[in-house]
Amino acid sequence: MTEYQTIAASDTVLRDGTIKLHGDEAFEAMRRAGRLAAEILDEMVPLVQPGVTTQALDDVVRQMTLDGGAIPATLGYRGYAHSCCISINHVVCHGIPSDKVLKDGDIVNIDVTPLLDGWHGDSSRMYLVGDVPLKARRLVDVTHECLMIGIDQCKPGARLGDIGAAIQAHAEQHRYGVVREFCGHGLGRLFHDAPEVIHAARAGSGPELKPGMFFTIEPMINLGKPWVKMLSDGWTAVTRDKSLSAQFEHSIGITETGCEVFTLSPKGLDKPPY
């Protein structure tokens, strides 16, 4: 049986398996954290160019996060030494910034999570580097459509499985693979909390959505099969068949009438082409 916990913004929060239900003060805090995440991703648009290293982009993310009065939640998380994750081409997620240089035709996901006043704003977007082939651009387009179709399911009384079912149906209609090994998650005062948000699921399954729930939706869609493998660094996940992968992520809160997306771009730069 699913357990829910109504909490005030000032309460001590533990990862105890309960789904947290938040009030107005928490919504306002998540708006601020989410906006900062979106502003950082907006600033990446002119910087993601051929010849740029992923470490240089990470440096900008770190400085913007600090300038915004926040700290990067990933920095030091389980030993991770960077301020964001940058995943290129067949890297599904958790790509580690390095001296790797972006090349013409790459597709790139940048995933940021500023921790602002104790609240996490978690979001990622895809970027196109130079002249990107049509099949890669189409994958990016459909992945963003999957995210927004999933968000469309979010309203009180719906089930978490409705999100995954809608995403899976849209992706598989285009013969793309939906990654199963990684999922969305509850967040707020905690970086990762209940519930898990599966991106391939059965409609009508899972916990009921209730006002005050906060979570991410972050589908990872592969041009080929859905299967992934981990590299020896313990972080980087790649497609087993070396096919391209794309991902978009928003943080949302369930409202009385639907949902609020905390991480929308203030400049309207939510998907390429920018």
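The structure contained in this document is the topic of the report that follows. (Residues numbered from 1 in each chain as written. Predicted model: local features only at pLDDT ≥ 70, side-chain atom pairs only at ≥ 80, totals over all residues. Heavy atoms only, no water.)

Looking at the pairing of strand β4 (residues 85-88)
Piece 1. Alternating positions in β4 separate into two faces, C85 and S87 on one and I86 and I88 on the other, with burial throughout.
Piece 2. Relative to strand β6 (residues 107-112), β4 runs antiparallel, the two sharing four bridges. Counterpart to C85 in the pairing with β6 is D111. (Buried < 20%, exposed > 50% of the residue type's maximum accessible area, 1.4 Å probe, protein only. Helix = DSSP H or I, 4+ residues; strand = E, 2+ residues; numbered from the N terminus. Pairing = 2+ DSSP bridges.)

Some details on unusual backbone geometry
Piece 1. Look at the link from A194 to P195: it is a cis peptide, with omega at 5 degrees.
Piece 2. Mapped onto the fold, P195 is located in strand β12 (residues 193-197).
Piece 3. With an omega of 5 degrees, the peptide bond between P272 and P273 qualifies as cis.
Piece 4. With respect to the secondary-structure elements, P273 resides in the segment after β19 (259-261).
Piece 5. Located in the positive-phi region is R78, a residue other than glycine, with phi close to 50 degrees.
Piece 6. The topology assignment puts R78 in the loop between β3 (71-72) and β4.

Observations concerning the pattern of salt bridges
Close approach of charged atoms lets side chains of opposite charge pair.
Piece 1. Under the counting rule described, the total for this entry stands at 14 salt bridges.
Piece 2. Among the ionic pairs, K20 bridges to D193, the shortest N-O distance being 2.9 Å. Residue K20 is found in strand β2 (residues 19-21), and its partner D193 is found in strand β12; the two are separated by 173 residues along the sequence.
Piece 3. Of the residues examined, K20 reaches a relative accessible area of 5% and is grouped as buried.
Piece 4. As a salt-bridge pair, R31 and E260 come within 2.6 Å of each other at their nearest N and O atoms. Remark: E260 occurs in strand β19 and R31 occurs in helix α1 (residues 24-44); sequence separation between them is 229 residues. (Salt bridge = Lys/Arg side-chain N within 4 Å of Asp/Glu carboxyl O.)

A word on the environment of I86
Piece 1. Tracing the backbone shows I86 in strand β4.
Piece 2. The buried category is assigned to I86, whose relative accessible area is 4%.
Piece 3. When the C-alpha positions of I86 and M126 are compared, they lie 9.8 Å apart, and in sequence the two are 40 residues distant.

Quick word on the side chain of E218
Piece 1. Here E218 lies in the loop between β13 (214-217) and β14 (220-222).
Piece 2. Buried charged residue E218 carries no salt bridge. Nearest counter-charge: R15, at 11 Å.
Piece 3. Polar side-chain contacts of E218 include one of 2.7 Å to the side chain of T216.
Piece 4. Of the polar contacts made by the side chain of E218, one reaches the side chain of Q247; its length is 3.2 Å. (Lys, Arg positive; Asp, Glu negative; His and termini not counted. Polar contact = N/O pair within 3.5 Å; in protein donor to acceptor, adjacent residues only side chain to side chain.)

Here we look at the sheet that holds strand β17 (residues 245-247)
Piece 1. Spatially, three strands are ordered β10-β14-β17 in an open sheet, and the strand pairing comes out antiparallel. Both outer strands of the open sheet, β10 (177-178) and β17, are each paired with one neighbouring strand and no more.
Piece 2. Looking at chain direction, β10 and β14 are connected through two bridges and run antiparallel. In the strand pairing of β14, V178 is matched with I221.
Piece 3. Sheet strands touched by helix α3 (residues 134-152): β14 and β17. Its angle to β17, the strand with the most contacts, is close to 35 degrees. (Contact = heavy atoms within 4.5 Å. Axes fitted to C-alpha atoms, helices over the stretch in contact; angles between N-to-C directions.)

Let's talk about the nonpolar core
Piece 1. By size, the foremost hydrophobic cluster in this structure holds 34 residues, and its most contacted members are I163, L209, F215 and I217.
Piece 2. Those elements that place two or more of their residues in this core are β2, α3, α4 (160-173), β12, β13 and β18 (250-254).
Piece 3. Per-element accounting of this core gives the leading share, seven residues, to α3.
Piece 4. In this view, I217 contacts L147, G150, I151, C154, I163, I167, V197, H199, F248, E249, H250 and I252; residues no more than four positions away in its chain are not counted.
Piece 5. In terms of nonpolar packing, the next biggest core, distinct from the first, is built from 31 residues, A33, V45, Y127 and L187 among them. (Core = buried A, V, L, I, M, F, W, Y, C linked by side-chain atoms within 4.5 Å.)

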